[in-house]
Amino acid sequence: MKQFGGPAAFLNRSDINTDEIIPAKYLTEITKKALAPHLLEDLRLEGQEFDPHSQVMQEAQVVITRSNFGCGSSREHAVWALEVNDINVVIGESFARIFRQNMFNCGILAVELSAADLDKLFGLKGKVMVKVDLEGEKVIATSDDTTVECGFSLNAFDKKLIGAGGWLAFADSNY
Amino acid sequence: MGQTITEKIFAAHLRDTPTPGNMVLDIDVIMCHEITTPIAIMDLMEKGMDRVCDPKRIKAVIDHVTPAKDSKTATQAKIMRDWARRHNIEDFFDIGRNGVCHALFPEKGFIRPGNTVIMGDSHTCTHGAFGAFAAGVGTTDLEVGILKGVCAFRAPKSLKVEVTGTLPKGVGAKDIILNVIKQLTVNGGTDMVIEFCGPVIDAMNMASRMTLCNMAVEAGATSGVCQPDQVTAEYLWPFIKDEYASIEAATEDFSKWRSDADAVYERTLNIDVATLIPQVTYGYKPDCVKDVTEMEGTKVDQVYIGSCTNGRIEDLREAAAVVKGKTIAETVRGILVPATPKIYSMALEEGLIKIFMDSGFCIMNPTCGACLGMSSGVLAEGEVCASTTNRNFNGRMGKGGMVHLMSPASAAAAALTGTITDPRPFLN
Ligand code: SF4
């Protein structure tokens, strides 16, 4: 099975919507790759500037955020914009339904952690590396001097989609 | 134990239970537009799977940017058009016959009580107004829908919103739903279907029910739904008159989809509308909602009346009643977008278009346009729009622009004064 994890970037805000993840003006693209430079370009985080082209974002393979991530439009472009930037996991307290489904449909992970566990991740200093243990349903985050382990539970069907490599592959062999 | 309408629809469409609590449903209506479908078509073509499960179940429209504004949108439209022809999709709506999907498809009688409906569009929940289960999905779900006619959902949970009291003059469905979203917050409905019921809903026409259900997703809900009744049957009558002996017989048949009295809900929200006053959003989330009176005086540069939320003939009548015989403020750009050609032509016949034009409004052809900031009225940095649409996200109507969501009457009143204004005094 595919490995999930990598260097993490933090988006410390709730309710980040799909217009912020990829603005509507890029919905005219008909290839996923074309979305790559525009990920999160209109995002504003409370009290701090956000630079979508920072080194942390360039390196990130994991995004850690708060609650209701991916609300708003159904555009799967939001998931693709993450995907073509090599992000394979988003960790948050909760997700909007369509966004969460789109993630698993594409065979990539949306992991829900408790607010308390997320606080622990947000408390980590310096560069953070994340590993997701799918079988053990654990997120292991390491920074310079600390390791944090948090348990999560994955919906059984979503797990099947990850195993199948997405919904199209699953549906094609089952229906 | 009783069942909710959504549980009944799920049970009747169940194809598979791949894991406990996850249900794969047969889908009756698969709707497509040119923003999210072309990429699905391209992907299916690349994979050698360019097929459709059943051309009759597919309804397609070019509505978001139409006529095309540039080469890229022209290409999207072309991909859709070629695909629709290739697969003999008869219900395909192009220039001259096209309009905003969630206004056009109901008007064509495509949605029936008890149906399952998906579309690559979050406001697909609108069609729940007909007593259907209608959910917005992403492109992969849409691809599988097109190919296999199925879609997977978690077992449905329902949240009941019971609306009572007498609606005051100048207050309508948009004000109710904004108030509901304010109370539920933007994720209060996540993974649930919001069931609207109570005497106020029973007395509502289909246009108002669609406005309510349209914004269920703004509270995070999977969908919104209203119980099918005589109002539903009357609306659908031209399309079902060969199937039923009478409207009463249709109503009786539809009643099999109504929630049982002992159905179980995750939560119930009671709203008494007797004291509700027009609602307006502030900020960048649809749950940031205040009474219009708290927002009065906020300057607006543009007024936009249209969209799948409030671009129907009833909405145009409501706004026209406010602007009739008056001129909009010089500082305001008024834009009216009837949601479908039928609505446009009704508005012409009823003299509404003349009222709007005389007052200084610009009339656009049916399209999504500025609602999602793609064409026909995009805002400049720092500009403010009073809008009858459904999303006030930062940048939604153009980078750096601010959108205040409100009813057609409130938007019309804002056009007259150039500021957010209580519409009620204009209605006497
Ligand atoms: S009118 Fe706006 S919200 Fe409705 S379908 Fe079009 S873009 Fe989406």
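Residues numbered from 1 in each chain as written. Chains lettered and ligands numbered in written order. Predicted model: local features only at pLDDT ≥ 70, side-chain atom pairs only at ≥ 80, totals over all residues. Heavy atoms only, no water.

Draft legend 1. The overall build of chain A, seen in detail. Helix and strand content of chain A: 7 helices and 7 strands. Mapped in sequence order, the helices and strands of chain A form the string β-α-α-β-α-β-α-β-α-β-β-β-α-α. Relative to the globule expectation of 16 Å for 175 residues, the C-alpha radius of gyration of chain A, 15 Å, shows essentially globular dimensions. With the principal axes as the frame, chain A shows a C-alpha extent of 50 × 40 × 25 Å. The buried share among the 175 residues of chain A stands at 62%. Within chain A, residue pairs in contact and separated by at least 24 positions form 64% of the contacts whose partners lie at least 6 positions apart. For chain A, the exposed surface amounts to about 6800 Å²; the carbon and sulfur share of it is 47%. (Helix = DSSP H or I, 4+ residues; strand = E, 2+ residues; numbered from the N terminus. Rg over C-alpha atoms; globule rule 2.2 N^0.38 Å. Buried < 20%, exposed > 50% of the residue type's maximum accessible area, 1.4 Å probe, protein only. Contact = heavy atoms within 4.5 Å. Areas by Shrake-Rupley, 256 points an atom, 1.4 Å probe, with all protein chains shown as cover.)

Draft legend 2. Expanded view of the packing of helix α13 (residues 313-323) of chain B against helix α16 (residues 408-417) of chain B. All names here are of chain B. Remark: α13 packs on α16, axes separated minimally by 8 Å, with the N-to-C direction vectors making an angle of 35 degrees. When you trace α13 past α16, the crossing you get is right-handed. For the pair α13 and α16, the contacting residues are Asp315, Glu318, Ala319, Val322 and Val323 in the first and Pro408, Ala409, Ala412, Ala413 and Leu416 in the second. (Axes fitted to C-alpha atoms, helices over the stretch in contact; angles between N-to-C directions. Left-handed = near helix turned anticlockwise from the far one by under 90°.)

Draft legend 3. Structural detail: the interface of chain A and chain B. Listed by partner, the interface residues are 43 residues for chain A and 53 residues for chain B. Its largest share of buried area at the contact with chain B, chain A owes to Arg97, Leu168 and Tyr175 of chain A, together 19% of the area lost on that side. Run the count over chain A and chain B and you get 7 salt bridges. Inspection of the chain A/chain B interface yields 24 residue pairs in polar contact (both at pLDDT 80 or more). Looking at the side of chain A that touches chain B element by element, the count peaks at 6 residues for helix α4 (residues 97-105) of chain A. (Buried area = accessible area lost by both parts, 1.4 Å probe. Salt bridge = Lys/Arg side-chain N within 4 Å of Asp/Glu carboxyl O. Polar contact = N/O pair within 3.5 Å; in protein donor to acceptor, adjacent residues only side chain to side chain.)

Draft legend 4. Summary view of the domain arrangement of chain B. Residue and element names in this part refer to chain B. Its domain assignment divides chain B into domain 1 (5-154), domain 2 (158-275) and domain 3 (280-427). If you average the C-alpha positions of domain 2 and of domain 3, the two centres end up 24 Å apart. Of the roughly 1700 Å² buried where domain 2 meets domain 3, counting both sides, 58% is carbon and sulfur surface. Among the residues of domain 2 in contact with domain 3, Lys174, Leu178 and Glu218 are the three that bury the most area, contributing 30% of the side total. At the boundary of domain 2 with domain 3, the tally comes to 1 salt bridge. Between Glu218 and Arg391 there is a salt bridge, with the nearest N and O atoms lying 3.1 Å from each other. Taken together, domain 2 and domain 3 are joined by 11 residue pairs in polar contact (both at pLDDT 80 or more). Broken down by secondary-structure element, the contributors of at least two residues to the side of domain 2 that touches domain 3 are α6 (173-184) and α8 (206-214). Among the elements that make up the side of domain 2 that touches domain 3, the one with the highest residue count is α6 (5 residues). Each residue belonging to the side of domain 2 that touches domain 3 can be placed in one class, and the counts come to 7 nonpolar, 5 polar and 5 charged. (Domains from an automatic or database assignment. Nonpolar A, V, L, I, M, F, W, Y, C, P; charged D, E, K, R; others polar.)

Draft legend 5. Up close: unusual backbone geometry. Residue Pro67 of chain B follows Thr66 of chain B across a cis peptide bond; omega there is -10 degrees. If you trace the backbone, Pro67 of chain B turns up in the loop between β4 (58-61) and α3 (71-86). One non-glycine residue, Glu137 of chain A, adopts positive backbone phi at about 50 degrees. Relative to the assigned elements, Glu137 of chain A resides in the loop between β5 (129-133) and β6 (138-142). Located in the positive-phi region is Asp191 of chain B, a residue other than glycine, with phi close to 65 degrees. In this structure, Asp191 of chain B sits in the loop between α6 and β10 (192-197).

Draft legend 6. Representation of the sheet that holds strand β8 (residues 150-154) of chain B. Strand order across the open sheet formed by 3 strands is β1-β2-β8 (chain B), with antiparallel pairing between neighbours. Where the open sheet ends on each side, the last strands, each with one partner, are β1 (14-19) and β8 of chain B. Along the sheet, successive strands turn relative to each other by an average axial angle of 25 degrees, direction set aside. Across 5 bridges, strand β2 (residues 22-26) of chain B lies against β8 of chain B in antiparallel orientation. Among the inter-strand pairings, Val24 of chain B is bridged to a residue of β8 of chain B, identified as Ala152 of chain B. On the sheet, helix α6 (residues 156-164) of chain A packs against β1, β2 and β8 of chain B and is oriented at approximately 85 degrees with respect to β1 of chain B. (Pairing = 2+ DSSP bridges.)

Draft legend 7. Summary view of the pairing of β1 of chain B. As paired elements, β1 of chain B and β2 of chain B share 3 bridges and run antiparallel to each other. By the bridge assignment for β2 of chain B, Leu14 of chain B is matched with Leu25 of chain B.

Draft legend 8. Main features of helix α15 (residues 352-359) of chain B. All names here are of chain B. Buried within α15 we find Leu352, Ile353, Ile355, Phe356 and Ser359. Axial view of α15: buried residues confined to an arc of 160 degrees, hence all on one face. The exposed residues of α15 that point more than 90 degrees off its buried face are Lys354 and Asp358. Contacts made by the buried residues of α15 are with β15 (302-305), α13, β16 (333-336), α14 (341-349) and β17 (362-363). Count one or two residues on from α15 and you reach Gly360, which has phi positive near 110 degrees. (Arc of directions from axis to C-beta.)

Draft legend 9. Spatial organisation of the packing of aromatic side chains. Overall, the coordinates contain 18 aromatic pairs over all chains when judged by the stated rule. Both rings, one in Phe170 of chain A and one in Tyr175 of chain A, keep their centres 6.3 Å apart while their planes meet at 55 degrees; by these two values the pair is tilted. Grouping aromatic residues by their ring pairs yields a cluster made of Phe157, Trp167, Phe170 and Tyr175 of chain A. Its end group placed over the ring of Phe122 of chain A, Arg66 of chain A keeps NZ or CZ at 3.8 Å from the ring centre. In this arrangement the basic side chain of Lys290 of chain B is found over the ring face of Tyr282 of chain B, its NZ or CZ atom lying 4.7 Å from the centre. (Phe/Tyr/Trp six-rings, centres within 6.5 Å; stacked < 30°, edge-to-face > 60°. Lys NZ or Arg CZ within 6 Å of the ring centre and 35° of its normal.)

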